[in-house]
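# Examining the three-dimensional arrangement
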Amino acid sequence: MAKRIFNVLFIFSLMMVMPVKAADFPVKEVQVIIPWAAGGATDLIFRALAATTGKYLGKAVVIVNRPGGGSAVGYTEGAKAKPDGYMLTSAVTPLTILPHQVATAYTYKDFDPIINVVSDPSMFLIRADAPWKSLKEFIDYAKKNPDMITVGNSGAGGGVHLVALAFEKAAGVKFNHIPFSGGGPSVTAILGGHINAVSVSPPEGIEHVKAGKLKIIALFAEKRFEMFPDVQTVKEQGIDFVMGMWRGLISPKGTPPDAIKKLHDAFKQGMDDPAFIKNAKDMAVNLSYLGPEAFGKLMANDHEFFGKLVKEIKK
Amino acid sequence: MFESFQHLATGFGIATTIQNLLYCLIGAIVGTLVGVLPGLGPIAGIALLIPATFGLNPTSAIIMLAGIYYGAMYGGSTTSILLNVPGETASVITCIDGYQMAQKGRAGPALAMCAIGSFIAGSIGIFGLVFLAPPLAEAALAFGPPEYFSLMVFAFIVLSNVTGTSLVKSLMMAVIGLIIGTIGLDPVTGDARFTFGSIPLLSGIEFVAVAIGLFGIGEVLTNVNQPLEMLEQKVLIPRLRELYPSFQDLKRSIGAILRGAGIGFGVGLVPGPAPVIATYASYMTERKISKHPEEFGKGAIEGVAGPESANNSACQSAFIPLFVLGIPFAPPTAILLGALLIHGVSPGPLMISNHPQLFWGVIASMYIGNFILLILNLPFVPLFANILRIPKKILLPLVILFCITGMFTVNNSVFDIWIMLLFGGLGFLMRKWAFEGAPLLLALVLGPKLEVAFRQSLMISHGNFGVFINRPISMAFLIGMLLFLILPIFWKLFKKTEKGGGGSSKQ
């Protein structure tokens with residue numbers, strides 16, 4: 001009897017530590033680190049992409065959430081991972097912002113670019129029953145009451161936080177910024193009326209805008225949303241401010257080029273899959289493909305741009 | 001109300017197709033397995049199986065994945081009871097009395113009562129989900145940072161001395177838990193705290209490592225410290241007719257199960273570590289109102305039935321914010337949200353009206369799944385209880401092996417294994433000097449959330465502490481906490497003046 005039970009336990013322990021060794025890439029599932037909590041924009045997009053990419057890659061793509069420290073935990077882990085193409089990280093704008101603000105153990109230069117997937121405008125949402133009917137009313141109130149409008153963001157030093165700071169500067173107002181641990185919790189807080197506005201980028205909050213509980217008070221895009229054609233951009237209303245977030249995939253520096261090529265090709269096919277295109281449309285995210293080289297250039301440009309912006313804001 | 005019944009009937013039509021029954025069964029089995037294995041929890045289990053659902057229709061996929069989540073709540077108690085190793089975070093409290101029952105040869109009734117309690121509480125939870133979901137989801141939104149902070153403080157004060165041994169020792173342990181909880185990146189500014197340049201410490205100390213270390217490894221070390229003859233012995237072997245609970249056991253447990261179900265359902269609506277708080281609260285309640293509180297900590301069946309029921313109904317009510325608002329309050333529901341999205345269902349306030357067949361199909365499948373889990377788990381009771389026939393000198397090294405492999409599966413991190421062993425050593429010393437591990441674990445769960453809520457509240461209020469008492473829900477929790485602290489003192493004074501009155505039996 002004891003022996004039989006031992007056998008059962010033994011098989012259990014084998015199941016848990018199955019060794020994988022082979023030559024061809026990929027021989028096991030590919031993991032993608034999301035440096036934010038599950039349920040935020042980046043998480044939702046890459047979960048959808050992981051679903052369609054799996055069949056082209058031949059192995060499952062698994063999402064791993066490593067939230068904390070405004071994304072520093074996830075990126076540090078991603079940068080220190082073995083450069084074998086099995087541990088990717090989702091690259092989002094804060095990757096080029098945070099290193100200017102705190103002493104991170106990484107910059108974008110510690111990664112090899114694979115692909116850019118989406119590029120979204122940022123926006124402010126308020127509750128549908130909020131007292132402000134237009135952007136003008138919102139800004140006028142903020143001017144008269146500096147530091148009073150509470151604006152939630154997905155984490156201190158995160159992308160949407162910096163967008164809010166930059167918008168503050170462009171509009172000549174001052175908000176009270178409240179950090180949450182991801183886009184999900186910040187949207188929950190505005191639904192409950194605990195903050196006045198929230199800085200997000202799609203798909204966060206889109207479902208609630210559709211349902212009429214939240215509305216877009218400021219849209220920082222070049223052109224209007226297809227889904228909400230009545231919502232004017234802030235640029236149309238006289239504030240010259242356009243800012244958004246890109247979201248792509250990166251791998252630790254030194255990943256073999258053929259692994260990068262295979263990953264790029266599979267994720268590109270996953271992006272072109274009708275199921276993903278439909279999901280992206282439902283979420284109101286803007287697909288914007290860039291190959292490894294162009295994506296690398298984009299990151300380098302933004303790294304420089306945000307470096308200047310952070311210095312100016314800190315003054 | 002009538003409409004809900006009609007919808008539910010349609011849902012049962014969807015859930016009872018051969019295909020969906022099969023997926024429900026697979027989900028229940030995987031969930032049980034995931035719950036039994038220490039370390040591997042429902043989050044990992046759901047994430048592992050999402051790729052297997054690519055070819056399915058959304059309803060079947062969610063039926064299976066949801067089954068893993070509530071199935072894990074059934075399995076989680078098994079290793080707690082048999083080996084003092086919590087299978088997942090919501091089963092920490094079950095270690096206290098469950099393990100003592102097993103040591104007295106009553107592993108069978110403990111395991112069976114977990115399954116029965118989980119079934120009853122799960123069914124009650126689903127009932128609440130069907131009829132109360134929309135208003136409750138709105139109510140849950142009323143919890144902003146100040147309310148959250150006050151709730152955490154309330155839970156912290158009231159539940160710290162959960163085992164009722166020594167208040168001072170419990171608070172000492174809770175403070176250590178709070179200190180450990182500050183390790184890692186500052187949640188508001190992103191600065192590293194107490195990490196001493198270590199990268200693995202940036203993400204903080206893993207809760208599962210502390211839990212398995214304090215309970216599982218600590219218990220093994222305590223056993224090893226005993227004279228050699230003791231290790232040759234076996235745990236009391238249960239006789240066959242004692243494998244299942246007696247009528248007396250059932251009678252003692254039913255109240256605990258129902259109260260646990262209620263507590264779990266209420267607490268489950270609050271964002272964050274709801275199942276953990278629910279199990280502590282249920283244990284505390286049972287100990288306080290029991291007619292024989294001296295049995296708690298020594299193998300009281302209510303201390304097993306209550307918390308295990310609470311974590312199951314908390315798990316059901318966690319679906320409410322997900323289905324009604326499209327907002328995940330707990331990590332496992334966040335993974336389910338991703339799964340919904342992958343299957344082309346946008347979770348949000350319009351989901352139930354846009355996808356009624358999915359919502360009602362999944363709800364109906366939960367009734368079926370809970371029933372499957374009950375008949376799946378009861379026959380396992382003799383099998384699991386027989387593990388205790390293994391002599392300790394063989395069983396104890398196996399437990400260590402089991403803990404180490406299980407720990408590794410959580411984050412694939414060797415660092416976590418060292419943390420677990422370190423806390424194993426601490427657990428051994430704590431046992432020796434009669435300190436409890438439960439308050440430390442509670443503080444470790446609550447501490448970081450408490451800090452964030454506190455800082456967010458004060459940022460919103462521009463540093464005005466009035467924010468905690470100006471808001472009714474928040475104030476109610478704070479008043480409740482004060483009453484909890486002050487009433488016992490008044491009670492004592494009152495008793496002293498009425499000396500000779502025979503003394504009230506109420507605690």
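This structure is a prediction, so every number in the text was calculated from the model and none was measured. All chains use their own residue numbering, which begins from 1 and follows the written sequence. Note on labels: chains are lettered from A, ligands numbered from 1, in written order. Owing to the predicted nature of the model, reporting of local features is limited to residues with pLDDT of at least 70; listing and counting of side-chain atom pairs is limited to 80 or more, with chain, interface and lining totals taken over all residues.

### Description of the overall build of chain A
Keep this limit in mind: To qualify as a helix, a DSSP run of H or I must reach at least 4 residues; to qualify as a strand, a run of E must reach at least 2; elements of each kind are numbered from the N terminus. Buried means a residue has 20 or more other C-beta atoms within 10 Å of its own C-beta, exposed means 12 or fewer, and partly exposed covers the counts in between; C-beta atoms are placed from the backbone.
Check the secondary structure of chain A and you find eleven helices and eleven strands. Across the 315 residues of chain A, 54% fall into the buried class.

### Overview of the interface of chain B and chain A
For clarity, the cut-off: By the convention adopted here, residues make contact when the C-beta atoms placed from their backbones lie within 7 Å. In this count, Pro and Cys sit with the nonpolar residues alongside Ala, Val, Leu, Ile, Met, Phe, Trp and Tyr, while Asp, Glu, Lys and Arg are called charged and the others, Gly among them, polar.
Across the contact, 49 residues belong to chain B and 54 residues belong to chain A. Those elements that provide at least two residues to the side of chain B that touches chain A are β1 (184–185), α15 (331–342), α19 (392–411) and α21 (438–460) of chain B. Broken down by class, the residue content of the side of chain B that touches chain A amounts to 33 nonpolar, 14 polar and two charged.

### A look at helix α2 (residues 41–57) of chain A
Residues and elements named next belong to chain A. Threshold: Here the expected length of a helix is defined as 1.5 Å per residue gap, with one fewer gap than residues. In this analysis the local bend is the angle between axes fitted, respectively, to the seven residues ending at and the seven residues starting at the residue.
For α2, spanning 17 residues, the distance from its first C-alpha to its last is 23 Å, which sits close to the expected 24 Å at 1.5 Å a residue. Approximately 30 degrees is the largest bend angle found in α2, and it occurs at A51. Among the 17 residues that make up α2, 15 are buried, leaving the element largely enclosed by the rest of the structure.

### What about the domain arrangement of chain A?
Residues and elements named next belong to chain A. We apply this condition: Where a domain begins and ends is set by an automatic assignment or by a domain database.
Taken domain by domain, chain A consists of domain 1 (29–120 + 244–314) and domain 2 (123–219). Look at where the C-alpha atoms of domain 1 and domain 2 centre, and you get two points 25 Å apart. Contact residues are listed per partner, giving 24 residues for domain 1 and 19 residues for domain 2. For the side of domain 1 that touches domain 2, the class distribution of residues is 16 nonpolar, seven polar and one charged.

### Let's talk about the nonpolar core
Using the following cut-off: Remark: nonpolar core denotes a set of buried Ala, Val, Leu, Ile, Met, Phe, Trp, Tyr and Cys residues whose joining runs through C-beta atoms within 7 Å.
In this structure, V32(A), L125(A) and L65(B) are the most contacted members of the largest nonpolar core, which totals 257 residues. A per-element tally of this core places helix α6 (residues 107–141) of chain B first, with 18 residues. Built from parts of two domains, this core gets at least three residues from each of domain 1 (29–120 + 244–314) and domain 2 (123–219) of chain A.

### Some remarks on unusual backbone geometry
Residues and elements named next belong to chain B. Non-glycine residue N84 carries a positive phi angle of around 65 degrees. Judged by C-beta crowding, with 27 C-beta atoms within 10 Å, N84 ranks as buried. The phi angle at H462 is positive, at roughly 55 degrees, despite the residue not being glycine. Mapping H462 onto the fold places it in the loop between α21 and α22 (472–497).

### Some words on the sheet that holds strand β8 (residues 197–200) of chain A
Residue and element names in this part refer to chain A. Selection rule: A strand pair is defined by DSSP finding two or more bridges across the two strands. Lines are fitted to the C-alpha atoms to define the axes, a helix being fitted only along its stretch in contact, and any angle between axes, read from their N-to-C directions, falls within 0 to 180 degrees.
Reading across the sheet, the five strands line up as β7-β6-β8-β5-β9 and stay open at both edges, with mixed pairing between neighbours. The outermost strands of the open sheet, each flanked by one partner alone, are β7 (176–179) and β9 (214–219). In this sheet, neighbouring strand axes are inclined to one another by 30 degrees on average, regardless of whether the strands run parallel or antiparallel. In this structure, strand β6 (residues 150–153) lies alongside β7, joined through four bridges in parallel fashion. Each bridged residue has a counterpart across the sheet, and for V151 the counterpart in β7 is H177. Packing against the sheet, helix α6 (residues 159–171) makes contact with β6, β7 and β8, and its axis sits at approximately 115 degrees to β8.

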